There are 2 protein chains.
Amino acid sequence: MSNDQHIASAFDRDLETIQAQIMKMGGLVEEAILNAAKSLETRDEELAEDVRNRDRAIDLLEEQINEEAARVIALRAPTAIDLRLILSVIKISGNLERIGDYAKNMAKRTTVLSGMPQISGSTAALRRMAREVERMLRDVLDSYIQRDADLAQDVMHRDHDVDQMYNALFREFITFMMEDPRNITPCMHLHFIAKNTERMGDHVTSIAEQVIYLVTGEMPEDPRPKSDKTSVNPEYSEPKE
Amino acid sequence: MSNDQHIASAFDRDLETIQAQIMKMGGLVEEAILNAAKSLETRDEELAEDVRNRDRAIDLLEEQINEEAARVIALRAPTAIDLRLILSVIKISGNLERIGDYAKNMAKRTTVLSGMPQISGSTAALRRMAREVERMLRDVLDSYIQRDADLAQDVMHRDHDVDQMYNALFREFITFMMEDPRNITPCMHLHFIAKNTERMGDHVTSIAEQVIYLVTGEMPEDPRPKSDKTSVNPEYSEPKE
């Protein structure tokens, strides 16, 4: 075995170790999304607290992944495509950490909301939205491991559905608030949860972009599909960030 | 001059080039924050459009910085502290890009809000909040260039003030919405601007953490000061993310 091959396979093993940590982190984040949305719908404060407490493990994994990536760069001095692979690990773990934070925030609001009037149907709609984001996350991590640009592209398109779910909820909350001022405070919180769930989708999209970049060497042309309905009906829509 | 010194100083020059790009990016982001807040207060749609258009330059700088960082890692194979410096550049440019996105989003809402009833005093309060975040950003970038952990720590503490400004606005918006249903839609948008400005502060804090880590080798113990007033008055406060 030549020295070059030896170095290459040591790098591959290092990369596999880090990717396994990414998958572990992804699994924890998926669980956090589903449990946060469930705790919100069932007003399960114990489950909400559980989600909040488990976020620490997600944060620690991100730190470990970053340290491990730095260690591999220092040790193996990877070039070109290998370096790109290692740097993508830092970006993706950063995205996962943010999604975890949003799930934690959703869980925090479960406690705040449990003392307020229920807004008919909205927590069920939020849970559907969260479930869609969780599926997108699962698929985008699959696309990362398989280096499947088509699947990543598919995930990017599905983010559009999440944006539409968000726009529908935004209109709904305004209607509820106008109907009865007692709905204002709970709707403010629910609206944030909806917005944060939409942002989770943006972070999943950002992972999908990374995958496409890794596989094709180019960033997708229209990285974030626009779902800005401002020009159609500015009163009831939201500019995308 | 020994070969080692030659390599070290080549790395230093590379690092300085990238840091100059970070400062340029920081300058554009500061300008975007101030102009977005100004366009909101003065209902200046032209200025708002200008902010939106200039965001592309910020995004491009982030891409350039990332590519340059990857190039330096591949070329110089830096170890330990040098590698940490280069990796921090990737994180910091990511934070700046997000802050720029929030400023762009604020500018977009200027256009949406200009057709709606004015909410007394709120855009002036938002501009004060934005100005404080801009000052924090300027100081944290100074602390980065000077490797000044004390200044970075000071910036982290000031984020607490921004959180308090946000909490005050949150209460104010709810009051306005309860007084008159016609205030609901504009207040929803203003509330988002306030939240996004608070998030800008979080990204500045995250840069401050990086600086402290670079200088001391350790992350600050309590990375994000808590300003969660939920336990005191859950109706009128907001869980931190």
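Structural notes, computed from the coordinates. Because the structure is a prediction, the values reported are computed rather than measured. (Residues numbered from 1 in each chain as written. Chains lettered and ligands numbered in written order. Predicted model: local features only at pLDDT ≥ 70, side-chain atom pairs only at ≥ 80, totals over all residues. Heavy atoms only, no water.)

Before going further, it helps to examine helix 5 (residues 149–179) of chain B. Given a rise of 1.5 Å per residue, 31 residues ought to cover 45 Å, and the 46 Å separating the end C-alpha atoms of helix 5 of chain B matches this to within 8%. Measuring from the side-chain oxygen of the N-cap residue of helix 5 of chain B to the backbone nitrogen of Asp150(B) gives 3.1 Å; that N-cap residue is Asp148(B). (Helix = DSSP H or I, 4+ residues; strand = E, 2+ residues; numbered from the N terminus. Expected span 1.5 Å × (residues − 1). Polar contact = N/O pair within 3.5 Å; in protein donor to acceptor, adjacent residues only side chain to side chain.)

Right, let's talk about the packing of aromatic side chains for a bit. Evaluated as defined, the whole model comprises 3 aromatic pairs over all chains. For the ring pair Tyr166(B) and Phe170(B), a centre distance of 6.2 Å and an interplane angle of 40 degrees mean the geometry is tilted. Here Phe170(B) and Tyr166(B) lie together in helix 5, a separation of 4 residues that amounts to about one turn. Judged by relative accessible area, which is 1%, Phe170(B) ranks as buried. Here Arg147(A) stacks its cationic end above the ring of Tyr144(A), 5.0 Å away from the centre of that ring. When the ring centre of Tyr166(A) is taken as reference, the NZ or CZ atom of Lys195(A) above it lies at 5.0 Å. (Phe/Tyr/Trp six-rings, centres within 6.5 Å; stacked < 30°, edge-to-face > 60°. Buried < 20%, exposed > 50% of the residue type's maximum accessible area, 1.4 Å probe, protein only. Lys NZ or Arg CZ within 6 Å of the ring centre and 35° of its normal.)

The subject of this paragraph is the packing of helix 2 (residues 45–76) of chain A against helix 3 (residues 80–113) of chain A. Residue and element names in this part refer to chain A. Two elements in contact, helix 2 and helix 3, have axes whose closest approach is 9 Å; the angle formed by their N-to-C orientations is 165 degrees. Viewed along their axes, helix 2 and helix 3 adopt a mutual orientation that is roughly antiparallel. Once helix 2 is placed against helix 3, the crossing between them reads as left-handed. Looking at side-chain class alone, the contact of helix 2 with helix 3 contains 14 nonpolar, 6 polar and 9 charged residues. (Axes fitted to C-alpha atoms, helices over the stretch in contact; angles between N-to-C directions. Parallel < 35°, antiparallel > 145°, perpendicular 65-115°, else oblique. Left-handed = near helix turned anticlockwise from the far one by under 90°. Nonpolar A, V, L, I, M, F, W, Y, C, P; charged D, E, K, R; others polar.)

Attention now moves to the pattern of salt bridges. Think of it this way: side chains of opposite charge can pair up when their charged atoms draw near. This model, assessed by the stated rule, comprises 33 salt bridges over all chains. Where Lys91(B) meets Glu62(A), a salt bridge forms, and the shortest distance between an N and an O atom there is 3.7 Å. One end of the pair, Lys91(B), is in helix 3 (residues 80–113); the other, Glu62(A), is in helix 2, on a second chain. By relative accessible area, Glu62(A) is classed as buried at 12%. Its salt-bridge partner being Arg158(A), residue Asp139(A) comes within 2.9 Å of it at the nearest N-O pair. Here the residue Asp139(A) occupies a position in helix 4 (residues 122–146), and Arg158(A) occupies one in helix 5 (residues 149–179), the gap between them amounting to 19 residues. The buried category is assigned to Arg158(A), whose relative accessible area is 16%. (Salt bridge = Lys/Arg side-chain N within 4 Å of Asp/Glu carboxyl O.)

Further remarks concern helix 3 of chain A. Residue pairs spaced three or four apart in an α-helix point in one direction, given the helix's 3.6 residues per turn. Between its first and last C-alpha, helix 3 of chain A extends 50 Å over 34 residues, near the 50 Å set by a 1.5 Å rise per residue. For helix 3 of chain A, the buried fraction is high: 28 of the 34 residues fall into the buried class.

Attention now moves to the nonpolar core. Counting residues in hydrophobic clusters, the biggest one holds 144 residues, and the most contacted among them are Leu87(A), Leu137(A), Leu87(B) and Leu137(B). Ignoring sequence-local partners within four residues, the contact set of Leu137(B) consists of Gly26(B), Val29(B), Glu30(B), Ile33(B), Leu96(B), Ile99(B), Val204(B) and Ile207(B). (Core = buried A, V, L, I, M, F, W, Y, C linked by side-chain atoms within 4.5 Å. Contact = heavy atoms within 4.5 Å.)

Let us now look at the side chain of Arg109(A). Its location among the elements puts Arg109(A) in helix 3. In this structure the side chain of Arg109(A) is engaged in a polar contact, spanning 2.9 Å, whose partner is the side chain of Asn105(A).

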